[in-house]
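A structural walkthrough
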Amino acid sequence: MQQPPGPRHDRGMQSSLLIDAAAAGAAALAAAVAHRGTAGQFDELRAQLSGPGVVDDLAPHWRQFFDRLGPDGWADLRARRLRVQQRVREDGATYNVYAEQGEASRPWPLELLPFIVSADDWALIEQGVQQRAKLLELTLADIYGPQTLLHDALLPPPLVFAHPQYLRPVHGLWPRGNTHLHIAAFDLARTPAGGFTVLAQRLQAPSGLGYLLENRLIIAPQLYDQFAGLRVQRLASTFRSLLDGLMRASPAGERSRIVLLTPGPLNETYFEQVFLARYLGVTLVEGSDLTVRGKRLYLKTLHGLERVHVMLRRVDDEFLDPLELRADSALGVPGLLQVLRAGELVMANVPGAGCLESLGLSAFWPAVAERLLGEPLHLPAPTTWWCGEASVWATQRERLDQFVVVPTFPTSGIAAQVVARLDVAERARLVARIDAEPAAYTLLQPQQPSETPVWMDGQLWPRAAVMRVYALADGTGGWRVLPGALTRVAGRDEAMHDPLLSMQRGSASVDTWVIASGAVDRSSLLPKALSAAELQGWHRTVSSRAAENLFWLGRYTERAENSTRLARVVIEAMPDASPPVLRYFDAMARFHGLVGPGVPTPLQSARLFERALVHGLGRAADTTSVSYNLRALRDCAQSLRERLSPEHWKLIHEVGDHFEQHLAAVQAEGEGHVQAPDVLGVLSRAATHLAAITGAQTDRMTRDDGWRLMSVGRQIERLDMLAHALATGFEHGVHLADDGFAVLLGLFDSVITYRAQFQARREVLPLLHLLVFDTDNPRSLAWVARTMRDRLRKLARHDSDWAERVTAGLPVPESWSLERLATADAAQCHGELISALEGCSQAARGLSDEIGRHLFVHVVSAERSVWQ
């Protein structure tokens, strides 16, 4: 979170800071503690240019804001700011920063006070943004069609065709609905004169709408009286217009399946993609969730293929179709462009618009507007010079200190540089780079965006602000401008280094309040009420990717529990273990990868065996270690954030980190001679954590088909592990030794249950009854196999033939004969039991393979389309 600036930034406040809070209004308090803005920049708080002679009077809307806040509200601002930060954490609102190694994400930086736009200012913004959106749509239709703008040199062909995001496969593609753009974003800043200028435009996959919504839903309740009193315009109506327009163009109309294509959890703005999908009521998908069949797009679900008619996307253009665009992309869908050409999909936005984002084109837009619209641009842009024109670079070369150098093409790896802040050597190197490749550079006139107040430690600090305003197509050829913005505010010195105030550089965000010029629109995005008949057949669609992640979430949870329990049992029992049990431990530890092949057996060297086992617990690169399983569990959960409660996610996130930290601390303290009790303490804490996770999965998740599949995954892992443990135990005669008897009960987590039922008996038949036949014991093979079979049949009820086929071969341990085990020859009996147990393990692994082929991949069996 930002800190108050140092002394050189204290530009002065109104003279009296000793105003009686009880006697003065909040507006007077705000004026008293508001620091002066930067000279030459527009002051949003006072609605005037900062500098000598500034009048310390608040703008009318800010005065109304603070008057409604009152002295009590002013005194409560610190608590409200803390509540904002708490809500951000509770929502899990994050912004991932690729450059921050070792830190997966950071909390979304949100300030308390809003950026307020008057009704008159908004009318100018709305008119200018609508005009720009219309202009860009016409330009796209031209450059991917007749190309008259290029032939007539209104746009320079070298600048357009050399752009890596000009997509030649898109030329001639005429989208369904005749609209290339459905969402366009514009970064605006207020000029010192009080107007607005367009700093940049984002067209291919504009980000920020989800964060904009999150800002509003957090800030509005904290400042409800001010929000209502200022008559702030609502957002839902514009979003509804966007969805209506998309469905109007869709081949399925109001019955359209709409998806939002995300790059996945590692993307920097993944949180807002999840949030936006929830708000709009659309399905969040990754490229692997989709498949193209017969020039149509389908969503792969547990119950077959469902037709997709509309796609919102946050995947950049070049990654959309590995067949025709970037061949190494794993984020897109092969054949997607063919679906677009066939008119079987509406996409927001159609690929190819990224080339118009280049700042090198800024100087050409006024002439293009005169040609295509017959009118001048309502919103100007800063002066830019594209160095690809030899005469431009020759003229501006000696005046370079007056500009910010920015990349012409986004993939060039060039960073924006404020030339005036470079030393002589850095400037010379920059000039040499431009001389070598002038087309890759554009010169941008430095901007002085307006400054908005940020509350911090009882004072108001001016911060440079840039608004991202969104134009959304309404499906009838018109545009609606969302009455709000994603406004970014600078850190202390950020505006001097980053003219666009990007979130990557440390900017914070504020809610943006647009004062309504007429009635406040009370529309809601809530869908129409569902009827009883509709609810009777209601079910949640589970995509194949989500299903696969749920399946492995269950498996990794069980696998982590099993490996943790096995390690605990071995370390606890090994000091006093009999030879058969030591041989059993050696076989189990090697089979499950807890020790490597070169490690001595416990009979050869118990100390070396134990040391190797403890060392292997934390090897995260080893696919059989506890650390690896805990990390894999977290990775699966990361892809399922929208299905997990905050508490569930926190448990999963913490268990791996705590295990690795505590184990490393124990190993460092022991200096190579780790004490068994210390390791057992680490394993015990991990087991407690995993038990809580199991409880959350059992009691805190909706028991839909996705949950059933997660449960099937757990039972597959449990059946395989327990059947193998029991078979190996009987092979080594462990059941005949007193300590081996306890070991088997420990691995089945059934010690307490056995004692409660059979007290101190050490008999094989009660042991087998509890561990194999008892259908009331959730750790028995009979309970596990029956639960797995029943839940698989229920989730595959729409494909009963397949369900019956794959479950027919599953073992039914409760049908095995306990009487035969009591009367038959011991050796023969044990051989038959071991064979049956090995069959359980093989059946579990075979079921896992069959589920993967049938429910996740959708390529083995004939196409199963459940919705056209």
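Numbering of residues begins from 1 in every chain and follows the order in which that chain's sequence is written. Per-residue local features of the predicted model are confined to residues with pLDDT of at least 70, and side-chain atom pairs are confined, for both listing and counting, to 80 or more; whole-chain, interface and lining totals are unaffected and use all residues. Just so you know, side-chain values use all the structure's heavy atoms and leave hydrogens and water out.

A short note on the pairing of strand β10 (residues 290-293)
The pairing criterion is simple: DSSP has to find at least two bridges between the two strands. Secondary structure elements follow DSSP: runs of H or I of four or more residues count as helices, runs of E of two or more count as strands, with numbering from the N terminus. Pairing of β10 with strand β11 (residues 296-301) involves four bridges; the strand directions are antiparallel. Among the inter-strand pairings, Thr-291 is bridged to a residue of β11, identified as Tyr-298. Connecting β10 to the antiparallel partner β11 that follows it, the hairpin turn spans two residues, and Gly-294 within it adopts a positive phi of roughly 60 degrees.

Considerations on the pattern of salt bridges
Whenever Lys or Arg places a side-chain nitrogen within 4 Å of a carboxyl oxygen from Asp or Glu, that contact is recorded as a salt bridge. Taken as a whole, this structure holds 48 salt bridges when the rule is applied. The salt bridge partner of Arg-371 is Asp-152, with a shortest N-O separation of 2.9 Å. Placement of the pair is Arg-371 in helix α12 (residues 365-372) and Asp-152 in the loop between α5 (148-151) and α6 (157-161), with a sequence separation of 219 residues. Here Asp-705 ties to Arg-797 by a salt bridge, and the two come within 2.9 Å at their closest N and O atoms. With Asp-705 in helix α23 (residues 705-731) and Arg-797 in the loop between α27 (781-795) and α28 (800-808), this pair connects stretches of sequence that are 92 residues apart. Categorising residues by exposure relies on relative accessible area from a 1.4 Å probe, with only protein chains included: less than 20% of the type maximum marks a residue as buried, more than 50% marks it as exposed, and the intermediate range marks it as partly exposed. Take Asp-705: its relative accessible area is 7%, and that puts it in the buried class.

A look at the packing of helix α17 (residues 544-573) against helix α19 (residues 606-617)
Fitting a line to C-alpha atoms yields each axis, with helices limited to the stretch in contact; the angle taken between N-to-C directions then spans 0 to 180 degrees. The geometry of α17 relative to α19 is characterised by a closest axis approach of 11 Å and an angle of 155 degrees between their N-to-C directions. The orientation of α17 with respect to α19, classified from their angle, is roughly antiparallel. The handedness of the crossing between α17 and α19 comes out as left-handed. Together, Ala-567, Val-570 and Ile-571 of α17 and Phe-609, Glu-610, Leu-613, Val-614 and Leu-617 of α19 make up the contact between the two elements. When residue character is reported, Ala, Val, Leu, Ile, Met, Phe, Trp, Tyr, Cys and Pro are called nonpolar, Asp, Glu, Lys and Arg charged, and the others, Gly included, polar. Here the contact of α17 with α19 is composed, by residue class, of seven nonpolar, no polar and one charged. Each angle gets one of four labels, with under 35 degrees taken as roughly parallel, over 145 as roughly antiparallel, 65 to 115 as roughly perpendicular, and the rest as oblique. Whether a crossing is left-handed or right-handed is set by the direction in which the near helix is turned from the far one by less than a right angle, anticlockwise for left-handed and clockwise for right-handed. We call two residues contacting when some pair of their heavy atoms lies within 4.5 Å.

Description of the environment of Leu-361
Relative to the elements of secondary structure, Leu-361 occurs in the loop between β14 (346-348) and α12. A sequence separation of 201 residues divides Leu-361 from Val-160, and the C-alpha atoms of the two residues are 8.6 Å apart. Not counting the four nearest positions on each side in its chain, Leu-361 is found in contact with Leu-155, Pro-156, Leu-159, Val-160, Cys-355 and Leu-356.

Concerning the sheet that holds strand β13 (residues 310-313)
Sheet architecture is open: four strands sit in the order β9-β8-β13-β14, paired in parallel fashion. The outermost strands of the open sheet, each flanked by one partner alone, are β9 (283-285) and β14. Looking at each pair of strands side by side, their axes are set apart by 25 degrees on average, direction ignored. Pairing analysis gives three bridges linking strand β8 (residues 258-261) to β9, with the strands arranged parallel. Its bridge partner being in β9, Val-259 is matched across the sheet by Thr-283. Contacting β8, β9 and β13, helix α10 (residues 270-280) runs over the sheet at an angle of about 150 degrees to β9.

Details of the sheet that holds strand β15 (residues 384-386)
Read across the sheet, four strands follow the order β15-β18-β16-β17 without closing on themselves; strand pairing throughout is antiparallel. What marks the edges here is a single partner per strand, and that holds for β15 and β17 (417-418). Sheet analysis places β15 next to strand β18 (residues 441-444), joined by three bridges and oriented antiparallel. When the sheet's bridge partners are listed, Trp-386 is paired in β18 with Thr-442.

As for the pairing of β18
Across the two faces of β18 the burial is the same, with Tyr-441 and Leu-443 and Thr-442 and Leu-444 all buried. Of the pairings in the sheet, the one linking strand β16 (residues 404-407) to β18 comprises four bridges and is antiparallel in character. Bridging across to β18, Val-406 finds its partner in Thr-442.

Thoughts on the side chain of Gln-48
Looking at the secondary structure, you find Gln-48 in strand β2 (residues 48-49). A relative accessible area of 18% means that Gln-48 is categorised as buried. For Gln-48, the residues in contact, after removing those within four places along its chain, are Gln-41, Phe-42, Asp-43, Val-54, Val-55 and Asp-57.

Looking at the packing of α17 against helix α24 (residues 738-747)
Interhelical geometry of α17 versus α24 gives an angle of 155 degrees and a closest axis separation of 9 Å. Between α17 and α24, the angle is such that the two are roughly antiparallel. Crossing hand, α17 versus α24: right-handed. Across from Arg-565, Leu-566, Val-569 and Ala-573 in α17, the residues of α24 making contact are Val-743, Gly-746 and Leu-747. For the contact of α17 with α24, the per-class residue count stands at five nonpolar, one polar and one charged.

Looking at the nonpolar core
Note on terminology: a nonpolar core comprises buried Ala, Val, Leu, Ile, Met, Phe, Trp, Tyr and Cys residues joined through side-chain atoms within 4.5 Å. One finds Leu-553 and Ile-851 to be the most contacted residues of the largest nonpolar core, which totals 101 residues. The residues touching Leu-553, leaving out its near neighbours within four places in the chain, are Leu-633, Cys-636, Ala-637, Leu-640, Leu-644, Ile-652, Gln-697 and Met-710. Counting 74 residues, the second-largest nonpolar core is a separate cluster that includes Val-117, Trp-122, Val-285 and Leu-297.

Some thoughts on the packing of aromatic side chains
In summary, the pairing rule links any two rings of Phe, Tyr or Trp, Trp by its six-membered ring, whose centres are within 6.5 Å, and it sorts them by plane angle into stacked for under 30 degrees, edge-to-face for over 60 and tilted for everything else. For the structure shown, the criterion picks out 20 aromatic pairs. Residues Tyr-95 and Trp-108 carry aromatic rings whose centres are separated by 6.2 Å and whose planes lie at 50 degrees to one another, so their mutual orientation is tilted. In this pair, Tyr-95 sits in strand β3 (residues 94-95) while Trp-108 sits in the loop between β4 (106-107) and β5 (115-117), placing the two residues 13 residues apart along the sequence. Pair check on accessibility: Tyr-95 and Trp-108 agree, each one buried. With 5.4 Å between their ring centres and 85 degrees between their planes, Phe-227 and Trp-513 make a pair best called edge-to-face. Residue Phe-227 is located in helix α8 (residues 224-229), and its partner Trp-513 is located in strand β24 (residues 512-514); the two are separated by 286 residues in the primary sequence. The burial state of Phe-227 is the same as that of Trp-513; both residues are buried. Three or more aromatic residues link up through ring pairs in this structure, and these residues are Trp-62, Phe-65, Phe-66, Trp-74, Phe-227 and Trp-513.

Topic: α23
Expected helix span is taken as 1.5 Å per residue step, with the number of steps being one fewer than the number of residues. Taking 1.5 Å as the rise per residue, α23 with 27 residues should run 39 Å; its terminal C-alpha atoms sit 38 Å apart, in good agreement. The buried count for α23 comes to 26 of 27 residues, which makes it a mostly enclosed element. Polar contact criterion, stated in full: a pair of N or O atoms within 3.5 Å, where within protein one must be able to donate a hydrogen and the other to accept it, and residues adjacent in sequence count only if both atoms are side-chain atoms. Among the residues of α23, the N-terminal cap falls to Asp-704, whose side-chain oxygen and the backbone nitrogen of Gly-706 are separated by 3.2 Å.

A word on the environment of Gly-478
As for its position among the elements, Gly-478 is in the loop between β20 (459-473) and β21 (479-481). Gly-478 gets classed as partly exposed once you look at its relative accessible area, which sits at 21%. Taking the C-alpha atoms as reference points, Gly-478 and Gly-245, 233 residues apart in sequence, are found 9.9 Å from one another. Sequence-distant contacts of Gly-478, defined by excluding residues within four places in its chain, comprise Leu-472 and Ala-473.

Remarks on helix α26 (residues 764-773)
Where burial is concerned, most of α26 is hidden: seven out of the ten residues are buried. Listed in full, the buried residues belonging to α26 are Pro-766, Leu-767, Leu-768, Leu-770, Leu-771, Val-772 and Phe-773.

Quick notes on the state of the cysteines
The disulfide definition used here is simple: a pair of cysteine sulfur atoms within 2.5 Å. For the structure shown, the criterion picks out zero disulfides. Looking at the unpaired Cys-387, the closest cysteine sulfur is the one in Cys-355, lying at 20 Å. On the basis of relative accessibility, which here comes to 1%, the residue Cys-387 falls in the buried class.

Notes on unusual backbone geometry
Among all residues save glycine, negative phi is the norm, and among peptide bonds the norm is trans. In the segment running from Ala-348 into Asn-349, the intervening peptide bond is cis, with an omega of 5 degrees. For Asn-349, the position within the fold is in the loop between β14 and α12. Even without being a glycine, Ala-47 presents a positive backbone phi close to 55 degrees. Although it is not a glycine, Arg-231 sits at a positive phi angle of roughly 60 degrees. For Arg-231, a relative accessible area of 35% gives the class partly exposed.

Side note on the confidence of the model for the protein chain
Of all residues in the protein chain, 91% have pLDDT values of 70 or greater, and the mean over the chain is 88. pLDDT runs from 0 to 100 and stands for how confident the predictor is about each residue. The low-confidence segment residues 98-103 (pLDDT under 50) makes five contacts with residues lying over four places distant or belonging to another chain.

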